[in-house]
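Residue-level structure breakdown
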2 protein chains.
Amino acid sequence: MKLFNKVGIVGMGLIGGSLALAIKKRQLADEVVGVSRHKKSLLLAKKMGAIDKGSQEFDIIKNADLLILSTPVNTILKLAPKVSKAITKDCIVTDVGSTKKEIVSSLGKIFFNYIGSHPLAGSEKRGIINARAALFKNSLCILTPTKKTNTLALKKIESLWNKIGAKTILLNPSVHDKILSFTSHLPHLIAFSLMDTIPRKYLRFASGGLKDATRIASSDNRLWTDILLSNRKNVIKTVDLFQDNLSKIKFAIIRKNRKLLNNILKQAKNKRNGLSYKSSAGLNFPQPC
Amino acid sequence: MKLFNKVGIVGMGLIGGSLALAIKKRQLADEVVGVSRHKKSLLLAKKMGAIDKGSQEFDIIKNADLLILSTPVNTILKLAPKVSKAITKDCIVTDVGSTKKEIVSSLGKIFFNYIGSHPLAGSEKRGIINARAALFKNSLCILTPTKKTNTLALKKIESLWNKIGAKTILLNPSVHDKILSFTSHLPHLIAFSLMDTIPRKYLRFASGGLKDATRIASSDNRLWTDILLSNRKNVIKTVDLFQDNLSKIKFAIIRKNRKLLNNILKQAKNKRNGLSYKSSAGLNFPQPC
């Protein structure tokens, strides 16, 4: 069922490409056009049937009634003023950035009809080459409307995500950034730091546990530099909390306090057992909050 | 091909049960007997075809020519003196404990013919119910012989692991414990601490990244209390190093040092990319060192 006439997607990576494929597959728009710095990505997106037309210039998105900004956080912030000149006032605009406070505040001023999105999908793999229409199936997409948000636009954006398989949930941008600093930014930062700590010569002794624990350290470093700096204050607080908790465990080991150590591990284990195991995206029946 | 007449396995959990199944499947012994505190585990082991006979008493291992101690680290240390009374001097003894220095030093004094083993296999799941003959396929098993070790016994133990699918590598017990503090103990400790840090109410926002990063936090808390205390000094040093590295990343974020932050993440990513991804055990062609 058609939702839009023309969808413009800026950024033809894993998320932008998968969105394009999903929109085409579900026939949610008459036309999907893509913008990328990389000619190769545009050619591949065209070949994969993700877009009807691609260009390295913003002119191509003219007359779009939906614009999706699907680049790393910092690039979204940089491109927004330029992109805004290519579209009309009534074009609905969303982005897929992993942090929301900074972006929503900035883009809310630039675009007349803007709503932030953050699909909790994706993987450590990147690029249009890894894009697939089913990427958002059974995933969660957080939307961050504000007081200014047009209700009809919000309904259409919700409908878009639902139709490509994602459940949607509405959060305040600041609350989003606080939650994600725990559930996403901290685990990434720890995985990078864990890899940083393990001597290269010991890597051949890596078992499945280490591999699973550090899969996300294969994520794009520039993307994550952007995310961590964009959510700087929350990330610092969360890391401080983690460091305190890690020190608690360390002191239990130093003091040979078997009972305390066992209690901490047991509580952590019980909490983890509450998460159903499903690798790469997917959630346990999230409820709106 | 038969390697032993009678194999006794003390501990009918994931590893003990899987060893029993693998030995039976490859017909490496005439008889496999199991000892467990839990009658239920023995009954299930018998039903699964893992053992010929089971008992809650050590008498059953009498006349075994191979004894495998397959309980948590601390239990191995506690049981060894009792078990030694049930076997003859020429019985080859090994254990599958996750730390080696303490165990090798202790068991080397108790048993005449002892060699430490540490199969880098297993998962966060436990118990005979999860045992399978293929658990050790394409895995690595570290053996920790000492000057006292009988060469023939070492050859037989190497042959046992090889025949059930594991590559073997020889390491000094202290070197083993140092390496494992990085590649196994630190990741587990971090996963427990990460779960400890995430507020329960945010868990419903967990994506695949968090789930993978914390899979090993579902591991048995008592087993890991034992391991962390048994390798106390190495674990503390490794945690200190990790905390320093994490602080480096944190300060790069505090100072908004984009270049430094990106460099740290890039190096970690490159190191991680060197690990082939394979969940739950399995190694990249390890070479002896």
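Preceding this paragraph is the structure being described.
Each chain has its residues counted from 1, following the order in which its sequence is written. Whichever chain is written first becomes A and whichever ligand is written first becomes 1, with later ones labelled in order. Residue-level local features of this predicted model are given only where pLDDT is at least 70; pairs of side-chain atoms are given and counted only at 80 or more, and the full residue set underlies all totals for whole chains, interfaces and linings. Calculation of side-chain values draws on the structure's entire complement of heavy atoms; hydrogens and water are dropped beforehand.

**Comments concerning the environment of His188(B)**
Residues and elements named next belong to chain B. Mapped onto the elements, His 188 comes out in helix α6 (residues 173-197). Put simply, His 188 and Ser 36 are 152 residues apart on the chain and 27 Å apart in space, counted from C-alpha to C-alpha. Sequence-distant contacts of His 188, that is, excluding residues within four places in its chain, are made with Ile 216, Ser 219 and Trp 224. Within the structure, His 188 has its side chain in polar contact with the backbone oxygen of Ser 184 (distance 2.8 Å). Starting at the N terminus, helices and strands are each numbered in turn, a helix being any DSSP run of H or I of at least four residues and a strand any DSSP run of E of at least two. Residue contacts follow a heavy-atom distance rule, with two residues in contact if any of their heavy atoms lie within 4.5 Å. What qualifies as a polar contact is a pair of N or O atoms within 3.5 Å, subject to a donor-acceptor requirement within protein and to the restriction that residues adjacent in sequence count only when both atoms come from side chains.

**Focus: the relation of the copies chain A and chain B**
The fit set for superposing copies consists of C-alpha atoms from residues with pLDDT of at least 70 in both; the fit itself is least squares. Each copy of the sequence occupies a distinct position, and chain A is placed on chain B by a rotation of 180° and an axial shift of 0.0 Å, giving an RMSD of 0.0 Å. Such a combination of turn and shift is consistent with a two-fold rotation axis. Minimal C-alpha separation from the rotation axis in chain A is found for Ala213(A), amounting to 1.9 Å. In this assembly, 98% of the residues forming the interface of chain A have copies in chain B that are likewise at the interface, indicating an isologous arrangement.

**Thoughts on the sheet that holds strand β2 (residues 29-35) of chain B**
All names here are of chain B. By definition, two strands form a pair when at least two bridges between them are found by DSSP. Taking strand neighbours across the sheet as the criterion, the 8 strands line up as β3-β2-β1-β4-β5-β6-β7-β8 in an open arrangement whose pairing is mixed. Looking at strand neighbours, the two that pair on one side only are β3 (53-55) and β8 (167-170), the edges of this open sheet. Strand-to-strand twist of the sheet, defined as the mean angle between neighbouring strand axes without regard to direction, takes the value 25°. Alignment of strand β1 (residues 4-10) against strand β4 (residues 66-69), held across 4 bridges, turns out to be parallel. Each bridged residue has a counterpart across the sheet, and for Gly 8 the counterpart in β4 is Leu 67. In this analysis, axes come from line fits to C-alpha atoms, helices being fitted only over the stretch in contact, and the angle between any two N-to-C directions falls in the range 0 to 180 degrees.

**Examining the packing of aromatic side chains**
Classification of ring pairs uses Phe, Tyr and Trp, with its six-membered ring standing for Trp, and accepts pairs whose centres are within 6.5 Å; under 30 degrees between planes counts as stacked, over 60 as edge-to-face, and the remaining range as tilted. The full count for this structure, using the stated rule, is 5 aromatic pairs over all chains. Their ring planes at 75° and their centres at 5.5 Å tell us that Phe136(A) and Trp161(A) sit as a pair that is edge-to-face. Highlighted residues: Phe136(A) in the loop between β6 (114-119) and β7 (140-144) and Trp161(A) in helix α5 (residues 151-163), separated in sequence by 25 residues. For the pair Phe136(A) and Trp161(A), a shared accessibility class is recorded, and that class is buried. Ring centres 6.4 Å apart and planes at 80° place the aromatic pair Phe242(A) and Phe242(B) in the edge-to-face group. For every residue, the accessible area (1.4 Å probe, protein chains only) is compared with the maximum for its type, and the residue is labelled buried under 20%, exposed over 50%, or partly exposed between those bounds.

**Digging into empty space enclosed by the protein**
Each cavity reported here is a set of points on a 1 Å grid over the protein atoms alone in which a 1.4 Å probe fits but cannot get out, each pocket an open set with protein on both sides within 12 Å along at least five of seven lines, and each lining residue one with an atom within 4 Å of a point. Grid points are joined across faces, edges and corners, and a volume is the space filled by probe spheres set on the points. In the structure shown here, the tally under the stated rule is 1 cavity of 30 Å³ or more. In this structure, the largest cavity encloses a volume near 40 Å³. For the largest cavity, the full set of lining residues is Pro187(A), Ile190(A), Ala191(A), Leu194(A), Ala213(A), Ile190(B), Ala191(B), Leu194(B) and Ala213(B). Going through the elements one at a time, α6 (173-197) of chain A together with α6 of chain B are the ones with two or more residues in the lining of the largest cavity. In terms of residue count, the dominant contributor to the lining of the largest cavity is α6(A) (4 residues).

**Quick word on the sheet that holds β6(A)**
All names here are of chain A. Judged by pairing direction, the sheet is mixed, and its 8 strands sit side by side in the order β3-β2-β1-β4-β5-β6-β7-β8 without closing on themselves. A single partner strand is all that each edge strand has here, and the edge strands are β3 (53-55) and β8 (167-170). Strand after strand, the sheet turns through a mean of 25° between neighbouring axes, direction not considered. Helix α4 (residues 101-110) rests against β4 (66-69), β5 (92-95), β6 and β7 of the sheet, and its axis sits at about 150° to β6.

**Some thoughts on the nonpolar core**
As a rule of thumb, nonpolar side chains are buried together in soluble globular proteins. Grouped together as the largest cluster of nonpolar side chains are 130 residues, with contacts concentrated most on Ile61(A), Leu67(A), Phe111(A), Leu67(B) and Phe111(B). Those residues within four positions of Phe111(A) in sequence are excluded, and the remaining contacts are Leu67(A), Leu69(A), Ala80(A), Val83(A), Ser84(A), Ile87(A) and Val93(A). Among buried residues, the Ala, Val, Leu, Ile, Met, Phe, Trp, Tyr and Cys ones that are joined through side-chain atoms within 4.5 Å form a nonpolar core.

**Quick look at a positive patch on the surface**
A contiguous patch of positive charge on the surface is contributed by Lys101(A), Lys178(A), Lys233(A), Lys237(A), Lys201(B) and Lys256(B). Tracing the backbone through its elements, the reader meets Lys233(A) in helix α9 (residues 232-254). Patch membership is restricted to residues that have no salt bridge and whose relative accessible area is over 30%. Joining uses 9 Å for like charges and 5 Å for the nonpolar side chains Val, Leu, Ile, Met, Phe, Trp and Tyr. Accessible areas in this description were obtained via Shrake-Rupley with a 1.4 Å probe; residue shielding takes into account the shown protein chains only. Every case where a carboxyl oxygen of Asp or Glu lies within 4 Å of a side-chain nitrogen of Lys or Arg is listed as a salt bridge. His is not counted here, nor are the chain ends, while Lys and Arg score as positive and Asp and Glu score as negative. Note that the charge is assigned to NZ on lysines, CZ on arginines, CG on aspartates and CD on glutamates.

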